[in-house]
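Secondary and tertiary structure notes
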Amino acid sequence: MTVHVVFPAAGVGSRFGADIPKQYVSIAGKTVMEWTLLAWQDAPVDGLKIVVKAKEDETCTQILSKFDHAYQTVLGGHERFHSVMNALIYLRKHGKADDWVMVHDIARPCVRRDDIQKLLQSCKTENQGGVLAKPITDTVKRLQRSIVTTEDRSQLWAALTPQCFRLGELSSALEQAIAQNAHITDEASAIELAELPVQLIEGHGDNIKLTRSEDAALVQFYLSNQERIKHV
Ligand SMILES: Nc1ccn([C@@H]2O[C@H](COP(=O)(O)OP(=O)(O)OP(=O)(O)O)[C@@H](O)[C@H]2O)c(=O)n1
Ligand SMILES: C[C@](O)(CO)[C@H](O)COP(=O)(O)O
């Protein structure tokens, strides 16, 4: 079964607050995009590797030219799910409905190959899509009309990426979700809306998403740490 990967990379990084999109910020000597693509270089992907980029984004093209691998690029959309949909439309023309597609935020450069492999293996074994996730370790509060309550966190997980589903299943589910104007923040949201099962596969907590400026120091630590592990 062919395995494709999609890297949504068309965001502007407004919460990060830099004067360039956060995927092009340099951390530990490389851009975030380079780190993420390097993390995937020996991942079990035998299909297409698609980078979703913003219109007229030349930086993306320059970075991809540094890699031997031929990445396909497609244009992003207004929201992350539009960008993913554009990639799936491209994949539907070149892949098969029962191919696996893994979607991974370009803004998550610390992902571990072992976690990618663990997710994919579980999807293949169970013949069911799934996402990397980490258990919530903080007490979770709900604030509604200035009333604070505490949620039962024993069943709460934070979804990470990659998220891995069959191309046909994900494509149809995302199309339906968009048609219903649903608020989709990850691929699993669309699958759940279609009342299809999703596996939660525990991944390492250092697979963080670079979102706010204070995340950069932690990403730098993790990347340097992993770099040290690689050389051990
Ligand atoms: N229209 C969009 C929005 C986001 N993304 C990508 O989806 C991932 C997760 O999104 P997020 O962390 O929200 O990135 P941004 O949208 O850039 O950040 P912000 O919401 O702070 O602007 C990122 O790799 C981002 O590049 C995308 O491909 N297309
Ligand atoms: C897909 C995701 O990374 C899973 O946690 C998250 O939903 C992306 O959210 P964002 O607001 O688009 O960064």
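See the structure above.
Here's a quick rundown of the structure. Residue positions are given per chain, counted from 1 along the sequence in the order it is written. To label them, take the chains in the order written and letter them from A, then take the ligands in the order written and number them from 1. Confidence filtering applies because this is a predicted model: local features only for residues at pLDDT of at least 70, side-chain atom pairs given and counted only at 80 or more, and all residues used for totals across whole chains, interfaces and linings. To get the side-chain values, all heavy atoms of the structure are used, and hydrogens and water are removed first.

1. Describing the site of ligand 2
What counts is decided by this rule: Consider each residue's heavy atoms; a residue with any of them within 4 Å of a molecule or strand counts as near. In protein, a polar contact requires one atom able to donate a hydrogen and another able to accept it; more generally it is a pair of N or O atoms within 3.5 Å, and residues adjacent in sequence count only if both atoms are side-chain atoms. Only the protein chains shown count as covering a residue, and every accessible area follows the Shrake-Rupley method with a 1.4 Å probe.
The immediate surroundings of ligand 2 are formed by Arg15, Arg80, Asp105, Arg108, Ala159, Thr161, Thr185, Asp186 and Lys209. A distance of 2.6 Å is found between an oxygen atom of ligand 2 and a side-chain nitrogen or oxygen belonging to Asp105. Between ligand 2 and Thr185 there is a distance of 2.8 Å, counted from an oxygen atom to a backbone nitrogen or oxygen. When ligand 2 is considered free in solution it has 360 Å² of accessible area, and contact with the protein chains removes 74% of it.

2. Considerations on the nonpolar core
This is how the line gets drawn: Definition of nonpolar core: a set of buried residues of the types Ala, Val, Leu, Ile, Met, Phe, Trp, Tyr and Cys, connected through side-chain atoms within 4.5 Å. Each residue gets one of three labels from its accessible area relative to the maximum for its type: buried under 20%, exposed over 50%, partly exposed in between, using a 1.4 Å probe on protein chains only. Here a strand is any run of E in DSSP of at least two residues, a helix any run of H or I of at least four, and the numbering for each starts at the N terminus. By definition in these notes, contact holds between two residues if any of their heavy atoms fall within 4.5 Å.
Phe7, Met33, Leu37, Trp40, Val51 and Met102 are the most contacted members of the largest nonpolar core, which totals 29 residues. Sorting the residues of this core by element identifies strand S1 (3-9), helix H1 (32-39), helix H2 (58-64), strand S6 (100-103), helix H4 (113-126) and strand S10 (157-166) as the ones contributing at least two each. Those residues within four positions of Leu37 in sequence are excluded, and the remaining contacts are Phe7, Val51, Leu64, Phe67, Tyr71 and Ile106. With 25 residues, the next largest nonpolar core counts Val6, Ala10, Val101 and Ala188 among its residues.

3. Looking at the sheet that holds strand S5 (residues 72-75)
Spelled out, the test is: Whether two strands pair depends on DSSP finding at least two bridges between them. Fitting a line to C-alpha atoms yields each axis, with helices limited to the stretch in contact; the angle taken between N-to-C directions then spans 0 to 180 degrees.
Across the sheet, 7 strands lie side by side as S5-S4-S1-S6-S10-S7-S11; this open sheet has mixed pairing. Each edge of the open sheet carries a strand with a single partner, namely S5 and strand S11 (199-202). Neighbour to neighbour, the strand axes of the sheet diverge by 30 degrees on average, direction disregarded. When strand S4 (residues 49-53) meets S5, the two strands line up parallel, connected through 4 bridges. For Val52, the partnering residue across the bridge sits in S5 and is Val74. Across the face of the sheet, H4 comes into contact with S1, S6, strand S7 (130-135), S10 and S11 while running at roughly 150 degrees to S11.

Purely geometric stuff here, so don't read any function into it on its own.
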